[in-house]
Amino acid sequence: MQKKRKSVFPGGVHPTDGSDKALSKDAAIKQYLLDTVTILSEQSFGGKCRLLVKPGDKVKAGQLIGEPEAFMAAPLHASMSGTVLDVKEVMNQGRAILACVIGRDEEEAEGSGAGQTGIAAAYRKEAADIRQISREEILAGLRDGGLTGMGGAGFPTHKKYETDKSIDTLLINGAECEPYLTCDYRLMLEEGYALLNGVRLLLKGSGAKQAYVCLEDNKPQAAENLNEILSGMRKSGVMEDGEQIEIAVLPTKYPEGGERQLIQAVTGREVPMGGLPADVGVIVSNVATARAAADMILGGLPLIRRIVTVTGCVKEPGNYLVPVGTSAKELVELAGGVTVEKNRIIAGGPMTGPCMASDWNGEDELFYITKNTSGILVLPDSACEEQPCIRCGGCESVCPAGLTPWQIDFAFQQEDYDLCEKLYASECIACGCCSYICPAKRELTLRTRMARDAVKQRMRERAVKKA
């Protein structure tokens, strides 16, 4: 059953007319086989792993090569079969991070290094029978498979599902509201069975009564495809009575895919300040994470690959299924290279993704694909000089968290962290709406996010002192 819902979260913007996604939305997923991968030991900020391999070691695709050392970390696996060429530090966003470099052995069969285990499994073509799979087995699969959120900060998936809160609703996020990106859209079109089998597993693992696969109304083909597959699954006879899954179509508005905004739009519930989705009985997972759950639990394949959109000012925008650790430089070259000399290379989308290089010459290494790298975007470089704030209130009107970014900006620059806290800077979701709308081109998102981090650090320090 498909339901069209009204978006009820405050603020938000409409940053594009759809021409951005048109660059790559019709580009079918291509698999890319490469000679080496450079797998970072820190797949998300603060998610550090201890590497278990050394140069000269032989590894197989899916083999455990890193154990979590931090709360934000998930197990790390070899993304292709081959030989460990080096364990060294590489630069990523100005930080040196230890990485494992794996070279594909020449004798390896074509395609074996790209994560082919279970690639032709039945769960990708029909409804899987999961009646004999227990919730404990599902949670173990999420944990041992190294699953993380693949559409955001890369939070370890199993930690969400091991909550002691009572969960009644599961939201599978396919909104993909970030401009230019189409990797989730192609996943919903081309891997619908694997995705929905993963949703069924996550629903059982969460203990929730119902699941909603949520996408915006600018993706009608994806909604139609998922509804058709879901209807066939219900008729197959292997779905249990408790598997209540619906396709929820939402109005196109950024940031519809924000965790709190999605919860509010679909359920009408508001996550309390400082709280988590589980506090209102909800778990949110990305569509790619759901598909990865099916890969691991039904196909025996840990999270070692993902779909990446390469788009913007490149000759041939497209979507590529690549091993974790793939060179972003190689992917840009695969897309025909950049078409503008003055450029900016962004990891992800234009609203939230960090700029990794300016005026890139096509020769220097850029970065390496992690579990949560959704795209590589090339944009024309356009230097903007900040102007004084004109108090127009535009940033306040579009903030989906209900904040006053211009006031937080002033307080942060004055290093008045008490005022930043009183202005609820801790609730910033770093969506970029404030900077997008600002006529003075102020770096509101950057400084509000920095204020948020400073306030949260102060709150943690107070909690430690009280303890």
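Please read all numbers here as calculations on a predicted model, not as lab measurements.

Draft legend 1. Structural view of helix 4 (residues 183-190). Most of helix 4 is tucked away: 6 of the 8 residues are buried. Inspection of helix 4 places Cys183, Asp184, Tyr185, Arg186, Leu187 and Met188 among the buried residues, and these make up the whole buried set.

Draft legend 2. Summary view of the state of the cysteines. Inspection of every chain in the model, using the stated rule, returns 0 disulfides. Left without a disulfide partner, cysteine 384 is nearest to the cysteine sulfur of cysteine 438, which lies 11 Å away.

Draft legend 3. The pattern of salt bridges, seen in detail. Counted under the stated rule, the structure contains 29 salt bridges. Taking the shortest distance from any N to any O, the salt bridge between arginine 50 and glutamate 67 comes out at 2.7 Å. A residue pair is termed long-range when its members are at least 10 positions apart, and arginine 50 in strand 4 (residues 49-51) and glutamate 67 in strand 6 (residues 64-68) qualify at 17 residues. A relative accessible area of 33% means that glutamate 67 is categorised as partly exposed. A salt bridge links aspartate 57 to lysine 54, with the shortest nitrogen-to-oxygen separation between them at 3.3 Å. Since its relative accessible area comes to 53%, lysine 54 is described here as exposed.

Draft legend 4. Layout of the packing of aromatic side chains. Overall, the coordinates contain 3 aromatic pairs when judged by the stated rule. Between the aromatic rings of tryptophan 406 and phenylalanine 410, the centroid separation amounts to 6.3 Å while the plane-to-plane angle is 85°, which identifies the pairing as edge-to-face. Residue tryptophan 406 and its partner phenylalanine 410 are located together in helix 11 (residues 405-413), separated by 4 residues, close to a single helical turn.

Draft legend 5. View of the pairing of strand 14 (residues 305-312). Among the 8 residues of strand 14, 8 are classified as buried, and the element is accordingly described as predominantly covered. Direction of pairing for strand 14 relative to strand 15 (residues 318-323): antiparallel, over a ladder of 6 bridges. Considered in strand 15, the bridge of isoleucine 307 is made with leucine 321. Counting the residues that bridge the hairpin from strand 14 to strand 15 gives 5 residues. Strand direction decides the pairing type here: strand 14 and strand 18 (residues 375-380), joined by 4 bridges, are parallel. Looking at the pairing, threonine 311 lines up with leucine 377 of strand 18.

Draft legend 6. Structural context of the packing of helix 4 against helix 6 (residues 220-236). Across the interface, helix 4 lies against helix 6 with an axial gap of 8 Å and an inter-helix angle of 35°. Judged by the twist between their axes, the crossing of helix 4 over helix 6 is left-handed. Residues Tyr185, Met188 and Leu189 of helix 4 form the contact with helix 6, whose participating residues are Gln221, Ala222, Asn225 and Leu226. Residue composition of the contact of helix 4 with helix 6, grouped by class: 5 nonpolar, 2 polar and no charged.

Draft legend 7. Quick peek at the pairing of strand 11 (residues 210-216). Extensive coverage of strand 11 is indicated by the burial of 6 of its 7 residues. The pairing of strand 10 (residues 169-173) with strand 11 spans 5 bridges and is classified as parallel. Residue pairing across strands places isoleucine 172 opposite valine 213, the latter belonging to strand 11. Pairing of strand 11 with strand 12 (residues 244-250), which is carried by 7 bridges, proceeds in the parallel orientation. Bridging from a neighbouring strand, glutamine 210 pairs with glutamine 244 of strand 12. This β-α-β element, strand 11 to helix 6 to strand 12, shows right-handed connectivity.

Draft legend 8. Here's a closer look at the sheet that holds strand 6. The strand order 4-6-7 describes an open sheet built from 3 strands, whose pairing is antiparallel. Whereas interior strands pair on both sides, the edge strands pair on one side only; in this sheet they are strand 4 and strand 7 (76-77). The pairing of strand 6 with strand 7 spans 2 bridges and is classified as antiparallel. Paired with leucine 64 across the two strands is histidine 77, which belongs to strand 7.

The rules behind the values
Residues numbered from 1 in each chain as written. Predicted model: local features only at pLDDT ≥ 70, side-chain atom pairs only at ≥ 80, totals over all residues. Heavy atoms only, no water. Buried < 20%, exposed > 50% of the residue type's maximum accessible area, 1.4 Å probe, protein only. Helix = DSSP H or I, 4+ residues; strand = E, 2+ residues; numbered from the N terminus. Disulfide = S-S within 2.5 Å. Salt bridge = Lys/Arg side-chain N within 4 Å of Asp/Glu carboxyl O. Phe/Tyr/Trp six-rings, centres within 6.5 Å; stacked < 30°, edge-to-face > 60°. Pairing = 2+ DSSP bridges. Axes fitted to C-alpha atoms, helices over the stretch in contact; angles between N-to-C directions. Left-handed = near helix turned anticlockwise from the far one by under 90°. Contact = heavy atoms within 4.5 Å. Nonpolar A, V, L, I, M, F, W, Y, C, P; charged D, E, K, R; others polar. Right-handed = clockwise from strand over helix to strand, strands pointing away.

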